[in-house]
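Below are the chains, spelled out letter by letter.
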Amino acid sequence: MKKRVLLLGLVVLMVLTGCGTTEKETKTKEKDPDKLVLNIEDKKEDNIQEEQTDMQEQASQPDGQSQAEEANEQQPQKNEHLIAIDAGHQAKGNSEKEPVGPGSSEMKAKVASGTSGKTSGLQEYELTLAVSMKLKEELMNRGYDVLMIRETNDVNVSNAERAQIANNANADAFIRIHANGSDSSSANGMMTICQTASNPYNGNLYSQSQALSTDILDQMVAATGAKRERVWETDTMSGINWAQVPTTIVEMGYMSNPTEDQKMATDEYQWQIVTGIANGVDQYFGIAR
């Protein structure tokens, strides 16, 4: 009987010991819920950082097609027109004589020194170059090719030579930038100048030069609000008579008029003039903006 009791006690002890071990092992195999949450959050954060890095790399390395498209958008569309720009006068005039037109016996000074601002003190040759350089920039931004007759004041180029430079380049238009002067300080406004239909040197270009002069004058007046004087047709200008391409002289305003003189000396008004001239060139070539 004692043996049975002892044997039964051993069995019970083995069962209890086995259950305890199993329970302990089970507990050690279970994962801590808090650590499980932290691991999930860490993985989420790692994934977000990887996605952000990928997006940054893609943004910093656009494909070749996107780069090409962006470059094309920044480049002005070429329109295949060459514009010759002559900033009137120069630092020192040249009183030597040259024919007023090809083969003419009538002689005229090669290039005058120009006028000056009665209020601003600005020299005409300085003003014309400042406006011409702005016009070059504006026309190039609109897709034109530009030939500058001069880009500095220290030159010695006659009016006939200036026209011949435009001729040799086969320019589609020759724009000569000038400012006016008068004995009357009240004189004001803008005008352009071209040859007459009966000009013995280039009368065949009259209709083109007259249209160019009209378009530029109208658009300058619209852009600046200045008074419109006229398109003056004359055969007395050497720089026009020697030209074998459509040509206009632009008289931007009167440097003898205190108000216009001060306006023309400012960047803001110069850009208004330039915008008007460029709009006139667009109109002449039938280019819509």
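Residues numbered from 1 in each chain as written. Predicted model: local features only at pLDDT ≥ 70, side-chain atom pairs only at ≥ 80, totals over all residues. Heavy atoms only, no water.

Take the overall build of the protein chain next. In terms of helices and strands, the protein chain carries 9 helices and 8 strands. Here the protein chain, with 289 residues, has 39% of them falling under the buried criterion. Across the protein chain, the fraction of contacts at a sequence separation of at least 24, relative to all contacts at a separation of at least 6, is 78%. In the form shown here, the protein chain has an accessible surface area of approximately 16,500 Å², with 50% of it arising from carbon and sulfur atoms. (Helix = DSSP H or I, 4+ residues; strand = E, 2+ residues; numbered from the N terminus. Buried < 20%, exposed > 50% of the residue type's maximum accessible area, 1.4 Å probe, protein only. Contact = heavy atoms within 4.5 Å. Areas by Shrake-Rupley, 256 points an atom, 1.4 Å probe, with all protein chains shown as cover.)

Summed over all chains, the structure comprises 10 salt bridges. Here Asp145 makes a salt bridge to Lys78, at a shortest N to O gap of 2.7 Å. In this pair, Asp145 sits in strand E4 (residues 145-148) while Lys78 sits in the loop between helix H3 (64-74) and strand E1 (82-87), placing the two residues 67 residues apart along the sequence. In this structure, the salt-bridge partner of Lys110 is Glu96, at a minimum N-O distance of 3.4 Å. Of the two residues, Lys110 sits in strand E3 (residues 107-111) while Glu96 sits in strand E2 (residues 94-99), which places them 14 residues apart along the sequence. Judged by its relative accessible area of 47%, Glu96 is partly exposed. When salt bridges with common partners are traced through the structure, they connect Glu138, Arg142, Asp282 and Arg289 into a single cluster. (Salt bridge = Lys/Arg side-chain N within 4 Å of Asp/Glu carboxyl O.)

One non-glycine residue, Glu80, adopts positive backbone phi at about 70 degrees. Secondary-structure assignment places Glu80 in the loop between H3 and E1. Of the residues examined, Glu80 reaches a relative accessible area of 72% and is grouped as exposed. Although it is not a glycine, Asn170 sits at a positive phi angle of roughly 55 degrees. Counting through the fold element by element, Asn170 comes out in the loop between helix H5 (159-168) and strand E5 (173-180).

With that out of the way, let us pick up the sheet that holds strand E6 (residues 190-194). Strands sit in the order E4-E1-E5-E8-E6-E7 across an open sheet of 6 strands; the sheet is mixed. The strands lining the two open edges of the sheet, one partner per strand, are E4 and strand E7 (228-233). Averaged over neighbouring strand pairs, the angle between their axes works out to 20 degrees when direction is ignored. Here E5 pairs with strand E8 (residues 247-254) via 6 bridges, running parallel. Its bridge partner being in E8, His178 is matched across the sheet by Glu251. (Pairing = 2+ DSSP bridges. Axes fitted to C-alpha atoms, helices over the stretch in contact; angles between N-to-C directions.)

Here the focus is helix H9 (residues 267-285). In a regular helix each residue adds 1.5 Å, so 19 residues correspond to 27 Å; H9 covers 27 Å between its end C-alpha atoms and thus fits that length. Here H9 has its buried residues at Tyr269, Gln270, Ile273, Val274, Gly276, Ile277, Ala278, Gly280, Val281, Asp282, Tyr284 and Phe285. A positive backbone phi angle near 70 degrees is found at Gly286, which sits one or two residues after H9. (Expected span 1.5 Å × (residues − 1).)

Each turn of an α-helix holds 3.6 residues, which means side chains three or four residues apart point in the same direction. Between its first and last C-alpha atoms helix H6 (residues 206-224) spans 27 Å; for 19 residues at 1.5 Å apiece the expected length is 27 Å, and the two agree. Of all the positions in H6, only Ser209, Leu212, Ser213, Thr214, Asp215, Ile216, Leu217, Met220, Val221 and Thr224 are classed as buried. Each element contacted by the buried residues of H6 is listed here: E5, E6, E7, E8 and H9. Within two residues after H6, Gly225 carries a phi angle of roughly 80 degrees, on the positive side.

Okay, the packing of aromatic side chains next. Counted by the stated rule, this structure contains 2 aromatic pairs. Where Tyr144 meets Phe285, the ring centres are 6.1 Å apart and the plane angle is 45 degrees; that geometry is what we call tilted. Linking Tyr144 in the loop between helix H4 (124-141) and E4 with Phe285 in helix H9, this pair joins segments that are 141 residues apart in sequence. A ring pair is formed by Tyr284 and Phe285, whose centres lie 4.9 Å apart and whose planes are at 75 degrees; its orientation type is edge-to-face. Both residues of the pair, Tyr284 and Phe285, count as buried. Three or more aromatic residues joined by ring pairs form one cluster here, namely Tyr144, Tyr284 and Phe285. (Phe/Tyr/Trp six-rings, centres within 6.5 Å; stacked < 30°, edge-to-face > 60°.)

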